[in-house]
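Residue-level structural notes
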Amino acid sequence: MLDDIYNKKILEFAGNIPHLERLVSPQASSKAHSKLCGSTIEVDLVMEDGKVSEFGQGINACALGQAAASVVARHIIGADAAELRSLREQMRAMLEQNGAPPTGKWDDLKYLEPVRDYPARHASTLLVFDAVVEAIDKIESGS
């Protein structure tokens, strides 16, 4: 049963995570933590002209959190705040409300769709999305 969520593609993403270095001078940093499993993801962002221009992250998470962070890291540069907020809501809806997975450049997130059947794994899968949106909020508010 857990083989459905820890499939080959998820393990490939988890084993090959881009942007694993923290940024030296981020505009904002954010940390998301799952109390249930202990997973933590920290992200650093720099935005220019409303789009992510630099991204770094530190990950201490399960394979699902790692896989989600890997896909985000592959496509976050150039994304704007509205796209990333929408992405977080799409992922939450996919897992919690049987929604469709993201499409387009975020299509690889469909491999996390089987996680919807394991509510205890939702929080770790959503960590990177929550951390990214919190960092964007900090940049936009100037804090």
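Keep in mind that this is a model prediction, so the values were computed, not measured. (Residues numbered from 1 in each chain as written. Predicted model: local features only at pLDDT ≥ 70, side-chain atom pairs only at ≥ 80, totals over all residues. Heavy atoms only, no water.)

1. Focus: helix α2 (residues 63-75)
The periodicity of an α-helix, 3.6 residues per turn, causes residues three or four places apart in sequence to face the same way. To keep things clear, this is the line we draw: Elements are defined by DSSP. Helices are runs of H or I of four residues or more, strands are runs of E of two residues or more, and each kind is numbered from the N terminus. Expected helix span is given by 1.5 Å per residue-to-residue step, counting one fewer step than there are residues. Relative accessibility thresholds used throughout: buried, under 20% of the residue-type maximum; exposed, over 50%; partly exposed, between the two (1.4 Å probe, protein chains only). Two residues form a contact once any of their heavy atoms are found within 4.5 Å.
The terminal C-alpha atoms of α2 lie 19 Å apart, and with 13 residues this matches the ideal 18 Å at 1.5 Å per residue to within 8%. For α2, the buried fraction is high: ten of the 13 residues fall into the buried class. Those residues of α2 that sit buried are Ala 63, Leu 64, Gly 65, Ala 67, Ala 68, Ala 69, Ser 70, Val 71, Val 72 and Ala 73. Contacts from the buried residues of α2 go to α1 (8-14), β2 (40-48), β3 (51-60) and α4 (122-141).

2. Remarks on the nonpolar core
Note on soluble globular proteins: their nonpolar side chains tend to be buried together. The condition that has to hold: We define the nonpolar core as a collection of buried residues of types Ala, Val, Leu, Ile, Met, Phe, Trp, Tyr and Cys that are connected through side-chain atoms lying within 4.5 Å of one another.
In this structure, Leu 45, Leu 84, Leu 112, Val 128, Phe 129 and Val 132 are the most contacted members of the largest nonpolar core, which totals 41 residues. Broken down by secondary-structure element, the contributors of at least two residues to this core are α1, β1 (28-33), β2, β3, α2, α3 (81-96) and α4. Ranked by residue count, the leading element in this core is α4, at nine residues. The residues contacting Leu 84, other than those within four sequence positions of it, are Val 52, Ile 76, Ala 79, Trp 106, Val 132, Val 133 and Ile 136.

3. Remarks on the pattern of salt bridges
Cut-off, in case you're wondering: Here, a salt bridge means any side-chain nitrogen of Lys or Arg that lies within 4 Å of a carboxyl oxygen of Asp or Glu.
All told, the structure shown has 13 salt bridges when counted by the stated rule. The residue Lys 105 makes a salt bridge to Glu 83 at a minimum N-O spacing of 3.2 Å. Of the two residues, Lys 105 is situated in the loop between α3 and α4 and Glu 83 in helix α3; the sequence distance between them amounts to 22 residues. Judged by its relative accessible area of 36%, Lys 105 falls in the partly exposed class. With a closest N to O distance of 2.8 Å, Arg 92 and Asp 130 form a salt bridge. On the criterion of sequence distance, the pair formed by Arg 92 in helix α3 and Asp 130 in helix α4 is long-range, its members being 38 residues apart. Exposure remark for Arg 92: the relative accessible area of 23% places this residue in the partly exposed category. Taken together, the shared-partner salt bridges connect Arg 88, Glu 89, Arg 92, Glu 96 and Asp 130 into one network.

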